[in-house]
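Read off the chains here:
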Amino acid sequence: MATLVALPGNQTITVSSTAISLTVPGGAMAAIITVEDASIRWWDDESSPTSSAGHLATSGTQIIYADIGTDTLLKNFRAIKADPPDATIQVSYYIYRGV
């Protein structure tokens, strides 16, 4: 049975008017991204969102990647603030052990 284990290296990232990406630790296969302070727009296909294009996530939203089998979606994640002020995202990464 696989167990989900937290990886070290939680991240706090400011999301402003330039699209950001994640620094994904090796082996990460799951993540929780919590949006704080303001809304963001995001894509996970490596294209850059704009303030008007991309999935909208408001402050308090959690974006959950679970059992994705690869780190590609995490590495392709991009976010930008939807409107002022800047937003913050909190990111925790996980790995499956015992697979």
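So, how was this worked out
- Residues numbered from 1 in each chain as written.
- Predicted model: local features only at pLDDT ≥ 70, side-chain atom pairs only at ≥ 80, totals over all residues.
- Heavy atoms only, no water.
- Helix = DSSP H or I, 4+ residues; strand = E, 2+ residues; numbered from the N terminus.
- Contact = heavy atoms within 4.5 Å.
- Phe/Tyr/Trp six-rings, centres within 6.5 Å; stacked < 30°, edge-to-face > 60°.
- Buried < 20%, exposed > 50% of the residue type's maximum accessible area, 1.4 Å probe, protein only.
- Pairing = 2+ DSSP bridges.
- Core = buried A, V, L, I, M, F, W, Y, C linked by side-chain atoms within 4.5 Å.

Enquirer: I'm lost on the side chain of Arg-78 in this one. Help?
Expert: As for its placement among the helices and strands, Arg-78 is situated in strand E8 (residues 78-81). Those residues in contact with Arg-78 that sit more than four places away from it in its chain are Ile-20, Ser-21, Arg-41, Trp-42, Trp-43, Glu-46, Ser-47, Ser-48 and Pro-49.

Enquirer: Would you take a moment to explain the packing of aromatic side chains for this structure?
Expert: The geometry of an aromatic ring pair comes down to the distance between the two centres and the angle between the two planes. The final tally for this structure, using the stated rule, is 1 aromatic pair. Plain terms: the ring middles of Trp-42 and Phe-77 are 5.7 Å apart, the flat faces sit at 25° to each other, and that makes the pair stacked. With Trp-42 in strand E5 (residues 40-43) and Phe-77 in the loop between helix H1 (72-76) and E8, this pair connects stretches of sequence that are 35 residues apart. Among the residues examined, Phe-77 registers a relative accessible area of 0% and is labelled buried.

Enquirer: How should the pairing of strand E9 (residues 87-97) be read in this particular structure?
Expert: Note on strand geometry: in a regular strand, side chains alternate between the two faces of the sheet. Alignment of strand E1 (residues 3-6) against E9, held across 4 bridges, turns out to be antiparallel. Residue pairing in the sheet places Val-5 in a bridge with Ile-95 of E9. Strand direction decides the pairing type here: strand E2 (residues 11-15) and E9, joined by 5 bridges, are antiparallel. Within E9, the position partnered with Gln-11 by the bridge is Val-91. For strand E4 (residues 30-36) and E9, the ladder comprises 7 bridges, and the chain directions are antiparallel. Bridge pairing links Ile-33 to Val-91 in E9.

Enquirer: Any chance you could explain the environment of Trp-42 here in plain terms?
Expert: On the accessibility criterion, Trp-42 (13% relative accessible area) is buried. In the structure, Trp-42 is positioned 13 residues away from His-55 in sequence and 5.1 Å away in space, judged by C-alpha atoms. What Trp-42 contacts, discounting residues up to four positions off in sequence, is Pro-49, Gly-54, His-55, Ala-57, Ile-63, Tyr-65, Phe-77, Arg-78 and Ala-79.

Enquirer: Would you mind showing me how to read the nonpolar core here?
Expert: Among the nonpolar cores identified, the biggest contains 24 residues, and Leu-22, Ile-40, Ile-63, Phe-77, Ile-89 and Tyr-93 are the most heavily contacted of them. Sorting the residues of this core by element identifies E2, E4, E5, strand E7 (62-65) and E9 as the ones contributing at least two each. For this core, the leading source of residues is E9, giving 5 residues. If near-sequence neighbours (up to four positions away) are discounted, Ile-89 is found in contact with Gln-11, Thr-12, Ile-13, Val-15, Ile-20, Leu-22, Ile-33, Thr-34, Val-35, Ile-40 and Phe-77.

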